[in-house]
Amino acid sequence: GFDAGIASAVLQNASLTFQDDESGKTYELTDFDLQASLRGMDQPLSAEASGLFQNQVFDLSLRLETPAALTSNLPATTEFKLSSKLGDIRYDGNVQLGDAPSVDGAFNIASSDVAALARQFDLELPAQDALGRVQISGQANGPLDALVLTGLDLSHSSELLSASYAGDVSLAGDGSISGNLSVSSKELRGLLAAADVELAPGDTLQSFAVSGAAAGSFKSIMINNLSLSLDELSGTGKAGIDLSAATPRIIGDLDMPTLDLTPFMGEPEQDASTTSKGIQPWSDEPLDLSGLKSVNADLDLKVGTLTIGDITLTDAVMEVDLSNGLLTADLSQFKAFNGNWLGKLTVDARPTAPKVNFDMQGENVAVSNLLGTLAGFDSLTGTGQFKVSAQSTGGSIDEIMNALDGQVSTNLSEGVIKGLNVAALVRSASTLKEAVATGSVQNLNFSEALSENAETDFSSFDTVLTINDGVANVDLMKLLNPVLGIDGSGKINLAGQSMDLRLATSVDKAAQGQ
């Protein structure tokens, strides 16, 4: 066969211009110097080069053990180094041409500024402005279009994003991943802006961190032994994401010690003018539920403490499904207002005015805590059963409360009505009749019956309320205690945080009362 050798070849101050007519981009190589040596096709090829590519200084070195191996479609031992201000590449291993070029060796890639490097070559990368320093090393094996990377060690750092990965990656097909992953950002809003994700102004989505054992493909990946945080939220378990559809889907089984959703509900901070004593009106600030439409989710959650505004749930176990802006949460158990609960909640963020539906039932519920939190009414105590089924629409909490429809029922025992002592008012029927007959109403002791310290205790208290447009009509209200029985009627304005009740009593004259 043909064989030739060149002891030394030198090229100095050369230049080359390439124009891509399809893209209109021009690439320039200038001040190019090359020194090469090849004494025979079965002898090593060595080359040293330097110059400017797109006005960036670079140095290059190449050693090919036997060029004859390449021409024979055999593996050829290769050493390659490329260094510049923006990045360095090194490869030590075999190269084989064949029908599809393939490699088998160790590599190391480093760049002090990936974003600048991409701009240098007119490349557009996802979230490009968030990219910074990168270091990658490992073993590469297989065809270039289906590389298998083993022992991969990757790290990235910038002001917006820190990341690391240690494990294996395959580029064949949809790709595969198996290794330990860590990703975090202390400037999450800046990172999302770099990825062209639009967010409404707010104090949420400021930071996040994720770490765990990753496995799956580039389109669907699962992370086990997961540790995650988002702002002040944190959790452990497993989670994954499926990118095969137009809207990403999150899958997870998480255990979270605390989950405070209040900052994500668009509630304003109270200023000094709203912190005075007394019942505050429902907020008319628009609810921002846009995040419910940006991702789908299928989650199993265990939450130690779940906070939504003034409502706190503990020991909550729930299944959450989020599909195209429709959130469904099945709560198989949780504790709230000193009782044990179960229920279902749906929030539909698809229409302009979001829709809310919920069905809840609780046992051993402290009604004072419940009504005080939900309606600003704390003049009724007692524990017992509580059931509620309600639905509403609205763009703010105030609108939701004013459009609230549904039914509430309670079965309470051993409690107190504060501010009213009915027994003191009607203890003596004869005194009451005499006062009415003689007009001596001033002789009745209303200060004892109606005061902050007045109370009416009861052994049982049952109610059924039907809610329409934020106003609850009293269908049934029956209270019993050793002195009297009370039947109530009227309305409770949940939206306006007021009530108008009428009480009819039946008195046990033989009882002493209070």
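Not measured: the values here are computed from a predicted model.

Engineer: Honestly, the overall build of the chain in this entry has me stumped. Any pointers?
Structural biologist: Within the chain one finds eight helices and 26 strands. When each of the 514 residues of the chain is scored for burial, the buried share is 35%. Accessible area of the chain: about 28,600 Å², with a carbon and sulfur share of 53%.

Engineer: Just to check I follow, could you spell out the nonpolar core for this structure?
Structural biologist: One finds Val303, Met318, Phe334, Trp341 and Phe461 to be the most contacted residues of the largest nonpolar core, which totals 76 residues. Within the second largest apolar cluster, eleven residues are counted, among which are Ala130, Ala163, Ala194 and Phe208.

Engineer: Help me understand unusual backbone geometry in this model?
Structural biologist: Residues other than glycine predominantly adopt negative phi, and peptide bonds predominantly adopt the trans conformation. At Asn13, a position not held by glycine, the phi torsion is positive, near 50°. The class of Asn13 is exposed, set by a relative accessible area of 57%.

Engineer: Which parts of the structure should I look at to understand the side chain of Asn296?
Structural biologist: Considering the arrangement of structural elements, one finds Asn296 in strand 16 (residues 296–308). The class of Asn296 is buried, set by a relative accessible area of 8%. Not counting residues within four places of it along the chain, the set of residues in contact with Asn296 comprises Thr247, Pro248, Arg249, Ile250, Leu322, Ser323 and Asn324.

Engineer: How should the pairing of strand 25 (residues 484–493) be read in this particular structure?
Structural biologist: The side chains of a regular strand alternate between both faces of the sheet. Here strand 24 (residues 471–480) pairs with strand 25 via six bridges, running antiparallel. Each bridged residue has a counterpart across the sheet, and for Leu479 the counterpart in strand 25 is Ile486. In sequence, strand 24 turns back onto strand 25 through a hairpin of three residues.

Engineer: So what exactly am I meant to see when it comes to a negative patch on the surface here?
Structural biologist: A surface patch of negative charge is lined by Asp253, Asp255, Asp298, Asp300, Glu319 and Asp330. Elements represented by at least two residues in the negative patch include exactly strand 15 (249–260) and strand 16. Asp253 sits in the partly exposed class, given a relative accessible area of 37%.

Engineer: I would appreciate a short explanation of a nonpolar patch on the surface in the present structure.
Structural biologist: Together, Phe121, Leu123 and Leu125 line one region of the surface with nonpolar side chains, adding up to about 240 Å² of accessible area. By relative accessible area, which is 35% here, Leu125 ends up partly exposed.

Engineer: What should I look at first to understand the environment of Ile223 in this one?
Structural biologist: Along the polypeptide, Ile223 turns up in strand 13 (residues 220–230). Residue Ile223 is classed as buried on the basis of its relative accessible area, which comes to 11%. Sequence separation of Ile223 and Lys238 is 15 residues, and the distance between their C-alpha atoms is 5.6 Å. Setting aside its immediate chain neighbours within four residues, Ile223 contacts Leu181, Val210, Ser211, Gly212, Ala213, Ala214, Gly237, Lys238, Ala239 and Gly240.

Engineer: Looking at this model, I keep getting lost on the packing of aromatic side chains. Mind explaining?
Structural biologist: Two numbers describe a pair of aromatic rings. These are the distance of the centres and the angle of the planes. Under the defined criterion, the tally for this structure stands at seven aromatic pairs. With a centroid separation of 6.4 Å and 25° between ring planes, the pair formed by Phe18 and Tyr27 is classed as stacked. Residue class for Phe18 comes out partly exposed when judged on its relative accessible area of 49%. Note on Tyr27 and Phe53: the rings are 6.4 Å apart at their centroids and 5° apart in plane angle, and the pair reads as stacked. Of this pair, Tyr27 sits in strand 2 (residues 25–38) while Phe53 sits in strand 3 (residues 45–53), placing them 26 residues apart in sequence. Taken together, the ring pairs in this structure connect Phe334, Phe337, Trp341 and Phe386 into an aromatic cluster.

Conventions used here
Residues numbered from 1 in each chain as written. Predicted model: local features only at pLDDT ≥ 70, side-chain atom pairs only at ≥ 80, totals over all residues. Heavy atoms only, no water. Helix = DSSP H or I, 4+ residues; strand = E, 2+ residues; numbered from the N terminus. Buried < 20%, exposed > 50% of the residue type's maximum accessible area, 1.4 Å probe, protein only. Areas by Shrake-Rupley, 256 points an atom, 1.4 Å probe, with all protein chains shown as cover. Core = buried A, V, L, I, M, F, W, Y, C linked by side-chain atoms within 4.5 Å. Contact = heavy atoms within 4.5 Å. Pairing = 2+ DSSP bridges. Patch = residues over 30% accessible without salt bridge, like charges linked within 9 Å, V, L, I, M, F, W, Y side chains within 5 Å. Salt bridge = Lys/Arg side-chain N within 4 Å of Asp/Glu carboxyl O. Lys, Arg positive; Asp, Glu negative; His and termini not counted. Charge placed at Lys NZ, Arg CZ, Asp CG, Glu CD. Phe/Tyr/Trp six-rings, centres within 6.5 Å; stacked < 30°, edge-to-face > 60°.

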